[in-house]
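Architecture and fold: a report
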Amino acid sequence: MSDSPGGPSRSLLARALAILVTIGTAWRVLRRKPLGPEAPPASSREPGGGANDDPSERTVPGNRLAENLVAALLVLGAGCAFAFIAIYIVLQTNTQLLGLAMALALACLAAAAIIAGKLVVPQETSVEPRDRLLDESAAAEVVEIVEAGGEGISRRGLLTGASGLAGAAVLGAAAAPLASLGPPARSLHASPWRRGIRFVDDQGHVYAAADIQIASFYTALPEGGDADSLGAGLLVIRLPQSMIHLPADRRDWAPEGIMAFSKICPHAACAINLYRYPLDESTADDPPAFTCPCHYSTFTPGDGGRLVFGPAGRALPQLPVMIDSDGNLRAAGGFDEDIGPSWWSVRRT
Amino acid sequence: MSPIGRAVHRRFERGLRYTEQRLGGAPVYKYLLRYVFPDHWSFLLGEIALYSFLVLVATGIFLTLYYIPSAHEVTYHGAYPLLQGQQMSEAYRSVLDITFNVPAGLLIRQVHHWAADVFIASIVLHLVRIFFTGAYRKPRDINYYIGLTMLLLAILEGFAGYSLVDDLLSGMGLAIAYGVALSIPFIGGQLSALIWGGQFPGTDSFFSRLEIVHVLLIPAALATLIGAHLAIIMRQHHSQFPGPGRKERNVVGTPTWPAYALRSIGLLLAVAAVLFLIGGLIQINPIWQWGPYHPYLSENGAQPDWYIGWLIGALRLMPNFEPVVAGHTVLPNPFWGGALFPLVVFGVLYAWPALERRFTGDRRRHDLLDRPRDRPTRTAIGAAFLSWVVIIFAVGSTDRLFFRLHIPYTAMIHFWRGGVWVLPVIVFFITRSGARALKRSETHPLRGWQGTIVTRGPDGEPRILQTAENTTAPREPPAGTVPGHDHPEQKPTP
């Protein structure tokens, strides 16, 4: 640009500065100084009205520099688009280069369109009147036409009532097959756990009681059951007897201190995967606790899964455990309440 | 005119005559070409949403051609080594294949995901603009309801979209959605059994249902509503800010052809350019790192896409209240944060135009916009309401704050259970007094210069160039700031 400051300079810093200033002034040059011999700003103010009342205005820019810039940007954009095709053929999955090429192509076109819209084509401010939306007489006519359709009908109330009934009945009939989408809600009580089912890990290996160490938790699934059913996952832990304060009716649910709970949070069905166990003096006062990583409901297994923090509306369901003659872990019964989130007819203890 | 120009002109004229003899659309074309767009930067937010939607449709069609909506269990033997041999759904495998095998697949997937985030963000910002400038008033209230409905649908659409992948993160999201659906009083259980075809994670057909919702039902609804939204705008013309020559009964701005059309096409291309740039360079939802979903698995620090954050925050903030009446769990806990909270937010937004009409008694037509300060009470209520939602949104990130800054999580939750009610009240009073002060002084909140500019002349002496007095002098309110009084259709309020 002709008016970038500084004469010939060999200093790199000065050049960099000159480029920055050039970019900064380029926009101003483009806007204010149309180049070329035959391009005086052909501005024409439309006649009529005081300046403040009628802001209508039309300017024909005649900006040859901007026209050339638009053409250059379009060609550059086309080049980037070709580059995209080339990258696609040669490298195929190079996400970064593909994205960059497409973004640059689109950005060049965007710049071309915006510069053309602001500096090349006629700039116009125009005034349009707004329609009056309400046309009283037309509205009255509509009412009249519609109501004229009921002329000569004497039992209007009966017909209206009967059509309402027919419409509702047909809509109801049309919607009824939606019920085939799923089974009755009582299917939500399902759980794969029954008395005698062995605990296995996600590779199918049976858990022995001796596998369960204190201060860690294990994910168990029902042997032979569907691992992906909601109630399948169990949290299995071992606690020292001093930490177990189960209610009287659950006294034999924790042989050797081994306890099992549903892994599915009774708040919103996320799998619980955080286990806090006091390992030194500083945490000795906190009882062992499970925490759900979704909304941080926290349950203490020593108290039978009681909720101590967070939004869950009920305790973590506990499954009675037994150790068979081979020393393996089995369910001593099913859950006596529903696993998973609460609902209208959820079974609670 | 050059020979080429003459040839183009003849062709164009012939083509137009061809369609005119058959369709006769010239009056419509003329109306569209001369339609006037008032210029204000904030009017672009809605356009950004529209153009993001176009990018979403284009990239979405590409993705649909590869996606397989099946929960059928398969063993992975694809290009990504770390998941070799893992059991996963066919749906998840197909998205892994889009990511690793389909040329440009990851680019398109990331552009699609970014575009969804930008789409909803621009709708929300557009809504904020509409609210604080009073653009929802008569005659635009119907279009405001359509816009709110589109926001609602867009959030559902986004959630459905990332849930289709069936990776561990999206599976956890669906589990929570199941909990929220179950929590709806009385009908929740049966409703969830219908949606999922039984107990979560549902039958094999669940993902084909979700896909139809994501690629057909909601997009068709959105496209229809976008059409209605634009048609209504065209019928009523854009609203405009007060200014020289701008009145209730006119609209001042740039006609569509040629300048506005070019600028708007430029915006479309710019939106697409930015989406491709971030889609190519900034990783989003790296599903191969999450692994496949199984109900017994979960991960820590899970954060949903941003537009679900307000619901996560509400679910986390809610105390463990779950009333049981006669053996029935009447209001399961996720209902409060996951269903009632969004219901209240959207309910207030839907009800607002009618509420404002009722409390101000202003039933006139308004085509001139308010500046936020012009209505201090509305602005203060809006700011308080917005802060309420934003706080709950931010509470969704308290676990990250605990992780990064070690502020105890439980303490933060206990604090915000109170703070969420106190802070919006403070915001209300601060905003109202701020708006009133601005209304009195007529200064610009950002441009209002309060200092003194001092320069040093060639002689080294400091010289005062500009003082606060000569820049913050109260200006006359621009013509037409008394809204509603020069409209031909106005009737005095009873």
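Computed from a prediction, not measured in an experiment: that's the story for all the values here. (Residues numbered from 1 in each chain as written. Chains lettered and ligands numbered in written order. Predicted model: local features only at pLDDT ≥ 70, side-chain atom pairs only at ≥ 80, totals over all residues.)

**Some words on the overall build of chain A**
Helices and strands together make up the secondary structure of chain A, namely five helices and 14 strands. For 349 residues, the compact-globule estimate of 2.2 N^0.38 gives 20 Å, and the C-alpha radius of gyration of chain A, at 39 Å, exceeds that figure by more than 25%. For the C-alpha atoms alone, the extent of chain A along its principal axes is close to 105 × 95 × 45 Å. Here chain A holds 349 residues, and the buried ones make up 33% of them. (Helix = DSSP H or I, 4+ residues; strand = E, 2+ residues; numbered from the N terminus. Rg over C-alpha atoms; globule rule 2.2 N^0.38 Å. Buried ≥ 20, exposed ≤ 12 C-beta atoms within 10 Å, placed from the backbone.)

**What to know about the domain arrangement of chain A**
Often, the extent of an interface is quoted as the loss of accessible area on bringing the components together. Each domain of chain A was delimited in the assignment, giving domain 1 (34-45 + 53-125) and domain 2 (190-331). A C-alpha centroid distance of 65 Å is found between domain 1 of chain A and domain 2 of chain A. (Domains from an automatic or database assignment.)

**Looking at the sheet that holds strand β5 (residues 218-222) of chain A**
The pairing of strands in a sheet comes from backbone hydrogen bonds and takes either a parallel or an antiparallel form. All names here are of chain A. Here five strands make up an open sheet; going across it, the order is β4-β5-β6-β7-β12 and the pairing antiparallel. Looking along the sheet, the strands with just one partner apiece sit at the ends: β4 (199-200) and β12 (318-319). Two strands pair when backbone bridges link them, and β5 and strand β6 (residues 234-238) are joined in this way by three bridges, in the antiparallel orientation. The residue of β6 that forms the bridge with T219 is L235. (Pairing = 2+ DSSP bridges.)

**Some remarks on the interface of chain B and chain A**
Contact with chain B, which involves 77 residues of that partner, is made by 78 residues of chain A. Secondary structure elements with two or more residues in the side of chain B that touches chain A: α5 (105-132), α7 (168-182), α8 (188-196), β4 (250-255), α10 (256-281), α12 (309-317), β6 (328-329) and α16 (409-441) of chain B. By residue number, the principal contributor to the side of chain B that touches chain A is α10 of chain B, which donates 15 residues. Tallied by class, residues from the side of chain B that touches chain A come to 45 nonpolar, 24 polar and eight charged. Pairing of strand β3 (residues 123-129) of chain A with β4 of chain B, which is carried by four bridges, proceeds in the antiparallel orientation. Within β4 of chain B, the residue paired with V127 of chain A across the bridge is V252 of chain B. (Contact = placed C-beta atoms within 7 Å. Nonpolar A, V, L, I, M, F, W, Y, C, P; charged D, E, K, R; others polar.)

**Here's the deal with unusual backbone geometry**
For residues other than glycine, phi is negative in most cases, and the peptide bonds are mostly trans. Backbone torsion omega between K138 of chain B and P139 of chain B reads 10°, so that peptide bond is classified as cis. Checked against the element boundaries, P139 of chain B lands in the loop between α5 and α6 (141-163). Across the junction of F200 of chain B and P201 of chain B, the peptide omega takes the value 0°, indicating a cis bond. Its identity is not glycine, yet Y296 of chain A carries a phi of approximately 65°, on the positive side. Its location among the elements puts Y296 of chain A in the loop between β9 (289-291) and β10 (298-300). The exposure class assigned to Y296 of chain A is buried, which follows from the 22 C-beta atoms found within 10 Å. Positive phi, normally seen in glycine, also occurs at A326 of chain B, with a value near 50°. Within the fold, A326 of chain B resides in the loop between β5 (324-325) and β6.

**Some details on the packing of α6 of chain B against helix α13 (residues 334-360) of chain B**
Residues and elements named next belong to chain B. Closest axis-to-axis distance for the α6/α13 pair is 9 Å, and the angle between their directions is 170°. Regarding the angle of α6 to α13, the classification is roughly antiparallel. Judged by residue contacts, D141, Y144, Y145, L148 and L152 of α6 engage F346, L349, Y350 and P353 from α13. (Axes fitted to C-alpha atoms, helices over the stretch in contact; angles between N-to-C directions. Parallel < 35°, antiparallel > 145°, perpendicular 65-115°, else oblique.)

**Overview of the nonpolar core**
By size, the foremost hydrophobic cluster in this structure holds 178 residues, and its most contacted members are L106, V236, A269 and C270 of chain A together with F119 and L275 of chain B. Examining the composition of this core, we find that 20 residues originate from one element, helix α3 (residues 95-120) of chain A, more than from any other. In contact with C270 of chain A, not counting residues within four places along its chain, are C265, C292, P293 and C294 of chain A together with M172, A175, I176 and S298 of chain B. Formed by six residues, the second largest nonpolar core is a distinct cluster that contains A380, I381, V427 and A435 of chain B. (Core = buried A, V, L, I, M, F, W, Y, C linked by C-beta atoms within 7 Å.)

**Points about the sheet that holds strand β8 (residues 274-276) of chain A**
All names here are of chain A. Within the open sheet, the four strands sit side by side as β8-β9-β10-β11. Their pairing is antiparallel. Each edge of the open sheet is held by one strand with a lone partner, namely β8 and β11 (306-309). Neighbour to neighbour, the strand axes of the sheet diverge by 30° on average, direction disregarded. Bridge analysis of β10 against β11 gives three bridges, and the strand direction is antiparallel. Within the sheet, the bridge partner assigned to T300 lies in β11 and is R306.

**Digging into the domain arrangement of chain B**
Once the domains are mapped, chain B shows domain 1 (1-34) and domain 2 (38-314). Using only C-alpha atoms to locate each centre, domain 1 of chain B and domain 2 of chain B end up separated by 38 Å.

**Some thoughts on the pairing of β6 of chain A**
All names here are of chain A. Of all five residues that make up β6, four are buried, and the element is covered over most of its length. In the sheet, β6 pairs with strand β7 (residues 258-262) via five bridges, with the strands oriented antiparallel. Each bridged residue has a counterpart across the sheet, and for V236 the counterpart in β7 is A260.

**With respect to α16 of chain B**
Because each turn of an α-helix spans 3.6 residues, side chains separated by three or four positions end up pointing in the same direction. Residue and element names in this part refer to chain B. Of all the bends in α16, the greatest measures close to 45° and is centred on G419. For α16, the set of buried residues is M412, I413, W416, P424, V427, F428, T431 and A435. The elements touched by buried residues of α16 are α12, α14 (376-395) and α15 (398-405). Looking one or two residues beyond α16, the residue adopting positive phi is E442, at roughly 55°. (Bend = angle between axes of the 7 residues up to and from the residue.)

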